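# Inside the fold
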Amino acid sequence: MKFVIPRGRLMDDSLAFLRNAGITVEINDSRKLIFRQDGNEIILPRARDVPVYTEYAGDIGICGTDTLAESRSNLFAPLSLDFGKCRLSIIAPRKYRLRDLDGLDIATKHPNITSKYFSSMGIDANIITLNGSLELAPETGIADAIVDIVQTGETMRKNKLVEIRKIMDISAIVVVNRVSQKIKYEEINSFIEKAGEFNGNGKVCKKYIE
Ligand code: PRP
């Protein structure tokens, strides 16, 4: 089977999760992006590209719930995992409350979720899409506030920003290519069943189903 695993923060836990489910592929070169062993393949794209690689080149992927929500990919998400826990929040200099952001500029790596959230709140925000280090945006005047991931809160505090509203809780999830789910039904089901008994921390996964 072809597994799509994000490089970066979720990579080690994701590989441990696969090992627990009996899939071991040795990753022995930090520059190589595809590894094959025992009939399995591990594809290592950037985290935000996991949905598209799973949809077009893989069978099973691991990504954050935010990444799936932000993507336009049509994937089956049967399992929620016990790692990659953080949240997506609106973060701003202390002077702002949520309603003050009407008509202001919001920088984010999650433009779809952000624009949906602000519309649902009836707030007219101008969304600016950036690729990282978002905390720079308020201080440099690129934006008034940001929508970004908060894990420990350390980055936000160091940049004199506060969390003014949580948009969503995030965790890692298993995503499945809908075509593979049909043509590799038994392999995928048996992986999901085996994997469902464990996760990266050895705890039981919850059913996620989306
Ligand atoms: C994420 C996020 C914050 C930081 C939050 O960035 O965008 O900057 O982590 O973590 P904390 O609450 O534990 O401080 P990441 O490291 O993924 O890099 P990026 O901003 O360049 O995408």
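Above this text sits the structure in question.
This text gives an overview of the structure that appears in the document. (Residues numbered from 1 in each chain as written. Predicted model: local features only at pLDDT ≥ 70, side-chain atom pairs only at ≥ 80, totals over all residues. Heavy atoms only, no water.)

Each helix and strand in the protein chain was counted, giving 8 helices and 12 strands. In terms of overall size, the protein chain behaves like a compact globule, its C-alpha atoms giving a radius of gyration of 19 Å where 210 residues would be expected to give roughly 17 Å. Judged by the C-alpha coordinates and their principal axes, the protein chain covers about 55 × 35 × 30 Å. Evaluated residue by residue, the protein chain yields a buried proportion of 46% over its 210 residues. Counting only contacts in the protein chain whose residues sit at least 6 apart along the sequence, the fraction spanning at least 24 positions is 68%. Charge separation in the protein chain, taken as the distance between the mean sites of 30 positive and 28 negative side-chain charges, equals 2 Å. (Helix = DSSP H or I, 4+ residues; strand = E, 2+ residues; numbered from the N terminus. Rg over C-alpha atoms; globule rule 2.2 N^0.38 Å. Buried < 20%, exposed > 50% of the residue type's maximum accessible area, 1.4 Å probe, protein only. Contact = heavy atoms within 4.5 Å. Lys, Arg positive; Asp, Glu negative; His and termini not counted. Charge placed at Lys NZ, Arg CZ, Asp CG, Glu CD.)

With that settled, the discussion passes to the pattern of salt bridges. Scanning the entire structure with this criterion turns up 7 salt bridges. A salt bridge links Glu154 to Lys158, with the nearest nitrogen and oxygen atoms 3.2 Å apart. Of the two residues, Glu154 and Lys158 are both situated in helix 6 (residues 154–158); the distance of 4 residues between them amounts to about one turn of the helix. Relative accessible area serves as the criterion here: at 63%, Lys158 is assigned to the exposed category. Linked through salt bridges whose partners overlap, the residues forming this network are Glu154, Arg157 and Lys158. (Salt bridge = Lys/Arg side-chain N within 4 Å of Asp/Glu carboxyl O.)

The biggest cluster of nonpolar side chains holds 27 residues, and the ones touching the most others in it are Phe3, Ile5, Phe17 and Phe191. Only helix 1 (11–20), strand 4 (60–64), strand 5 (75–80), strand 11 (172–177) and helix 8 (185–196) provide two or more residues apiece to this core. Contact partners of Phe3, with chain neighbours within four places excluded, come to Leu18, Ile23, Asn40, Glu41, Ile42, Ile43, Ile60 and Phe191. Residues Cys86, Ile90, Ala92 and Phe118 belong to the second largest nonpolar core, which totals 18 residues. (Core = buried A, V, L, I, M, F, W, Y, C linked by side-chain atoms within 4.5 Å.)

Among the surface-exposed residues, Arg7, Arg9, Arg46, Arg48 and Lys109 lie close enough to one another that they form a single positively charged patch. Tracing the backbone shows Arg48 in the loop between strand 3 (40–43) and helix 2 (50–56). Judged by relative accessible area, which is 41%, Arg48 ranks as partly exposed. (Patch = residues over 30% accessible without salt bridge, like charges linked within 9 Å, V, L, I, M, F, W, Y side chains within 5 Å. Areas by Shrake-Rupley, 256 points an atom, 1.4 Å probe, with all protein chains shown as cover.)

This paragraph deals with the side chain of Ser89. Tracing the backbone shows Ser89 in strand 6 (residues 86–92). Judged by relative accessible area, which is 0%, Ser89 ranks as buried. Within the structure, the side chain of Ser89 is placed 2.5 Å from the side chain of Glu163, a separation counted as a polar contact. Sequence-distant contacts of Ser89, that is, excluding residues within four places in its chain, are made with Ile146, Val147, Asp148, Val150, Glu163, Arg165, Lys166 and Ile167. (Polar contact = N/O pair within 3.5 Å; in protein donor to acceptor, adjacent residues only side chain to side chain.)

On to the packing of aromatic side chains. As enumerated under the stated definition, the model contains 3 aromatic pairs in all. Arranged with centres 6.1 Å apart and planes meeting at 80 degrees, the rings of Tyr117 and Phe118 form a pair that is edge-to-face. The residues Tyr117 and Phe118 share a single accessibility class, namely buried. Put simply, the rings of Phe3, Phe17 and Phe191 pair up and form one aromatic cluster. (Phe/Tyr/Trp six-rings, centres within 6.5 Å; stacked < 30°, edge-to-face > 60°.)

Attention now moves to the pairing of strand 2 (residues 34–37). Pairing geometry for strand 2 and strand 3, over 4 bridges, is antiparallel. Note on strand 3: the bridge partner recorded for Ile34 is Ile43. In sequence, strand 2 turns back onto strand 3 through a hairpin of 2 residues, with Asp38 there showing a positive phi of about 50 degrees. (Pairing = 2+ DSSP bridges.)

Next up on the list: the site of the ligand. Around the ligand, 13 residues are found, and the nearest of them are Lys109, Asp148, Thr152, Gly153 and Thr155. Contact distances for the ligand include 2.6 Å between an oxygen atom and a side-chain N or O atom of Thr152. A distance of 2.7 Å separates an oxygen atom of the ligand from a polar atom in the backbone of Gly153. Expressed as a share of its isolated accessible area of 500 Å², the protein-covered part of the ligand is 73%. Mapping the ligand onto the cavity grids shows that it belongs to the largest pocket. Elements represented by at least two residues in the shell around the ligand include exactly strand 9 (145–150) and helix 6. Sort the elements by how many residues they give to the shell around the ligand and strand 9 lands first, with 3 residues. (Near = heavy atom within 4 Å. 1 Å grid on protein atoms, 1.4 Å probe; cavity = no way out; pocket = protein on both sides within 12 Å on 5 of 7 lines; lining within 4 Å. Sits in = over half its atoms within 2 Å of the grid points.)

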